[in-house]
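Structural description and commentary
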Amino acid sequence: MPNLKDLAAKKEPICGGHRACAGCGAPIIVRQVLMSSKDPVVVTSATGCLEVVTTIFPYSAWEVPFLHNAFENSAATCSGVEAAFKALKKKGQAPAEHVNFVAFGGDGGTYDIGFQSLSGAMERGHDMLYVCYNNEAYMNTGIQRSSATPMGAATTTAPAGKVIPGKVQFPKNLTEIMVAHDIPYVAQSAVGFWRDLTSKAEKAFSIRGPKFMNVLQPCRLGWGYKPELTAELGRLAANTCVWPLYEVIEGKYKLTYRPKEKKPVVEFLKMQDRFRHLFRPGNEAILEAIQKEVDRRWEALLNKCEG
Amino acid sequence: MPIIARTGNEAMSEAMRQINPDVVAAYPITPATEVVMLFAKFVADGLVDTEFVAVESEHSAMSACVGASAAGARVMTGTSSQGLQLMSEILPIASALRLPIVLCEVNRALSGPINIHCDHSDTMAVRDFAWIQIFSENAQEAYDNILQCMKIAEDKRVLLPAMATTDGFIISHCMEKIETLEDAEVKKYVGEYKGVNTVLDLKNPVTLGSLDLQDYYFEHKMPIVEAMRNAKSVIEEVGKEFGKLYGREYGLIEGYKLDDAEVAIVALGSTCGTTKAVVDELREKGQKVGLLKIRVFRPFPAEEIAAALANLKVAVILDRSDSYNNQGGPLFTEVRSALYDAAKKPLITNYIYGLGGREISLDDLRSIFAEQQEVAKAGKAKEVIKYFGVRE
């Protein structure tokens with residue numbers, strides 16, 4: 001298991017000076033995941049915040065090989081890089097050491113437009129790790145709803161209006177969909193849990209074949225909170241069981257974090273502007289519905305972990 | 001050199017087998033399915049060293065090709081019609097990253113309505129994506145063009161992706177006698193490929209696919225303009241060398257009985273073969289007709305075309321697709337543009353024909369020549385853009 005001292009001594013995969021917002025959770029995920037690799041890494045990324053803030057020409061924050069292709073194809077692109085590595089290895093033209101291929105994508109590039117590409121790459125069994133930095137909306141284009149956006153959240157394409165109170169649907173459970181791919185490793189983690197995230201990344205890198213990690217990334221702009229609260233928001237998501245931390249190894253579920261006390265969902269919601277309208281009189285039923293669904297999903301997960 | 005009976009698809013996949021690319025990422029689509037299928041069998045039988053990535057869509061096919069090529073691999077794929085359209089978002093990314101991917105394209109009509117037969121609307125729809133585009137007249141040319149595409153695309157003066165096309169079913173599924181090279185000869189011909197600035201160079205990490213805004217984007221397009229300019233002479237060079245080595249020489253365009261012709265057809269692909277037969281027949285009757293085959297559509301050989309057409313009375317441009325712009329098909333508008341600065345130029349007429357695989361017969365071509373010989377006599381075209389062979 002990685003410790004802070006070792007991690008601090010590691011070469012940074014991305015350098016400072018990139019253009020992410022103050023308090024952005026995405027670079028935290030990238031650093032913690034990539035620094036958990038003992039082997040060299042090659043990174044692909046979907047179009048989105050991460051690519052935009054780290055690669056504005058003529059600058060690049062990347063200290064490791066990095067390839068951005070388009071929005072919906074981070075996984076397919078990574079699968080091509082990995083295939084090339086295998087082919088060139090046979091001819092003795094690839095690096096001799098093992099290389100970890102890592103594809104990043106936001107929830108837009110992963111849950112929605114890039115979903116097919118992800119599913120295909122995982123099914124084909126490429127030796128790669130796909131990491132979704134899930135900030136629960138299309139933040140790069142200005143906070144539009146995705147299938148990861150929670151019910152009740154206000155986004156610019158599911159705004160809180162006079163008639164419709166933000167997003168009407170509950171989020172798609174992508175982690176479970178990836179479990180259903182029967183790949184060797186699937187995990188869910190969050191910003192604010194460095195040890196959980198780095199341990200999972202390390203485990204993922206120790207396994208050959210397709211791996212998927214869904215990491216909750218609080219977004220101070222899209223969620224609406226003070227930049228210094230990013231890690232706190234990630235922790236609250238786990239402590240309210242809105243975003244449980246768990247992993248599934250060869251189909252076997254393991255809860256990696258059990259909150260000491262399961263907090264009410266409103267404690268998480270009330271910290272964020274995107275849910276502010278839900279606290280107006282008349283919206284109590286929505287808050288109740290959210291709590292009910294969080295409870296239902298949490299119980300279902302516990303059953304899988306224990307059963 | 002072995003002479004064998006092959007369909008266009010078999011000819012293309014045979015070329016692929018002999019090239020033995022590092023990575024092929026492809027998805028089946030009629031009428032290009034066989035290219036992918038046959039290649040998968042080569043992989044399964046251990047006849048190639050290729051990593052075959054059987055992707056879940058053409059979008060992922062081209063995306064994986066970009067990833068593999070950016071990693072320094074020699075990469076090929078094949079597709080048609082809707083598949084090429086699904087790839088189309090990624091095609092200009094491949095050229096902007098200067099990745100010499102070679103694509104076996106089988107020309108097929110675009111939906112809708114859905115149709116599986118030949119026209120050129122798929123290839124024409126992606127004509128401005130900085131891909132080299134070479135049309136084949138028959139299976140032999142399909143084979144030769146794929147080999148040459150590899151050489152052209154990987155030439156340091158070019159470094160652009162390339163597609164060689166055949167006409168769906170007409171070439172892709174018809175058996176012809178073709179002459180192939182020995183495996184060892186192809187290996188020698190295409191040589192070793194070594195990518196530059198690849199994402200597998202761990203010691204010199206590169207960032208590829210940067211966000212490139214109004215302060216640099218335009219400058220980064222200019223080397224592509226330059227590469228396309230260079231491509232013209234490289235294609236000619238490669239075509240000449242191919243002739244010297246294997247006896248079949250290729251250029252950007254091919255004039256057939258054009259020198260003293262008064263009326264000539266200008267066309268792409270398999271129709272050129274049919275036209276040659278009609279030209280021979282009419283020549284025997286003493287009629288001064290000819291053909292200008294456009295082999296290379298991108299880069300567009302404008303000066304060469306203008307020079308080749310200069311002494312004609314009438315040039316008849318056959319387009320197997322339409323631009324729906326009230327200005328004629330893509331070949332016509334480009335030929336017309338090529339002629340604008342010419343001191344001597346013929347009358348020109350555009351026949352848009354064969355959409356969705358509508359047959360063009362010897363008789364059809366006879367009637368086109370007859371009609372345009374009247375125009376030559378009159379010295380004036382009656383109708384510039386004609387939709388030929390369509391029921392009213």
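That block above? That's the structure.
First, a word on scope: everything that follows refers to the structure included in this document. Since we're looking at a predicted model, the values are computed, not measured. (Residues numbered from 1 in each chain as written. Chains lettered and ligands numbered in written order. Predicted model: local features only at pLDDT ≥ 70, side-chain atom pairs only at ≥ 80, totals over all residues. Heavy atoms only, no water.)

All right, on to the overall build of chain B then. Looking only at helices and strands, one finds 13 helices and 16 strands in chain B. Relative to a compact globule of 392 residues, whose C-alpha radius of gyration would be 21 Å, chain B shows 21 Å and is just as compact. For chain B, the spread of C-alpha atoms along the principal axes amounts to about 70 × 55 × 45 Å. Burial status across chain B gives 58% buried among its 392 residues. A separation threshold of at least 6 residues defines the contact pool for chain B, and within that pool the share at least 24 residues apart is 80%. In the structure as shown, chain B presents an accessible area of about 15,500 Å², 52% of it carried by carbon and sulfur atoms. (Helix = DSSP H or I, 4+ residues; strand = E, 2+ residues; numbered from the N terminus. Rg over C-alpha atoms; globule rule 2.2 N^0.38 Å. Buried < 20%, exposed > 50% of the residue type's maximum accessible area, 1.4 Å probe, protein only. Contact = heavy atoms within 4.5 Å. Areas by Shrake-Rupley, 256 points an atom, 1.4 Å probe, with all protein chains shown as cover.)

The next point concerns the layout of surface pockets. If you add up the space inside the largest pocket, you get close to 1,000 Å³. Of all the secondary structure elements, the ones that give two or more residues to the lining of the largest pocket are α3 (49–54) of chain A together with α3 (58–70), α5 (91–96), β9 (207–208) and α9 (217–246) of chain B. For the lining of the largest pocket, the class distribution of residues is 20 nonpolar, 13 polar and six charged. In this structure, the second largest pocket spans a volume of roughly 490 Å³. What lines the second largest pocket is a set of 32 residues, among which Pro171(A), Asn173(A), Val242(A), Pro244(A) and Arg297(A) lie closest to the centre. (1 Å grid on protein atoms, 1.4 Å probe; cavity = no way out; pocket = protein on both sides within 12 Å on 5 of 7 lines; lining within 4 Å. Points joined across faces, edges and corners; volume = space filled by probe spheres on them. Nonpolar A, V, L, I, M, F, W, Y, C, P; charged D, E, K, R; others polar.)

Before going further, it helps to spend a moment on the side chain of Thr230(A). Residue and element names in this part refer to chain A. Structurally, Thr-230 can be placed in helix α10 (residues 230–239). Within polar-contact distance, the side chain of Thr-230 engages the side chain of Tyr-225 at 3.0 Å. Among residues more than four places away in sequence, those in contact with Thr-230 are Gly-23, Gly-25, Val-191, Pro-218 and Tyr-225. (Polar contact = N/O pair within 3.5 Å; in protein donor to acceptor, adjacent residues only side chain to side chain.)

Okay, the packing of helix α4 (residues 74–90) of chain A against helix α6 (residues 115–124) of chain A next. Contact pair α4(A) / α6(A): the axes reach a minimum separation of 7 Å and the direction vectors enclose 35 degrees. For the pair α4(A) and α6(A), contact is made by Ala75(A), Ala76(A) and Ser79(A) and by Ser117(A), Leu118(A), Ala121(A) and Arg124(A), respectively. (Axes fitted to C-alpha atoms, helices over the stretch in contact; angles between N-to-C directions.)

We now examine a nonpolar patch on the surface. Residues and elements named next belong to chain A. A surface patch of nonpolar side chains, amounting to about 320 Å² of accessible area, comprises Val-163, Ile-164 and Val-168. Assignment of secondary structure puts Ile-164 in the loop between β4 (128–134) and α7 (174–179). For Ile-164, a relative accessible area of 49% gives the class partly exposed. (Patch = residues over 30% accessible without salt bridge, like charges linked within 9 Å, V, L, I, M, F, W, Y side chains within 5 Å. Salt bridge = Lys/Arg side-chain N within 4 Å of Asp/Glu carboxyl O.)

What follows deals with the environment of Val179(A). Residues and elements named next belong to chain A. Note on placement: Val-179 falls in helix α7. Note on Val-179: relative accessible area 13%, which makes it buried. Between the C-alpha atom of Val-179 and that of Gln-272, which follows or precedes it by 93 residues, the distance is 30 Å. Excluding its chain neighbours within four sequence positions, the residues that come into contact with Val-179 are Val-186, Val-248 and Tyr-253.

Residues and elements named next belong to chain B. In this chain, Ser-111 is followed by Gly-112 through a cis amide linkage whose omega measures 5 degrees. Inspection of the secondary structure puts Gly-112 in the loop between β5 (102–107) and α6 (121–125). Going from Arg-298 to Pro-299, the amide bond is cis rather than trans, its omega being -5 degrees. On the secondary structure map, Pro-299 appears in the loop between β13 (296–298) and α11 (302–309). With phi around 60 degrees, Arg-98 is a residue other than glycine that occupies positive phi space.

None of this, on its own, says anything about what the molecule does.
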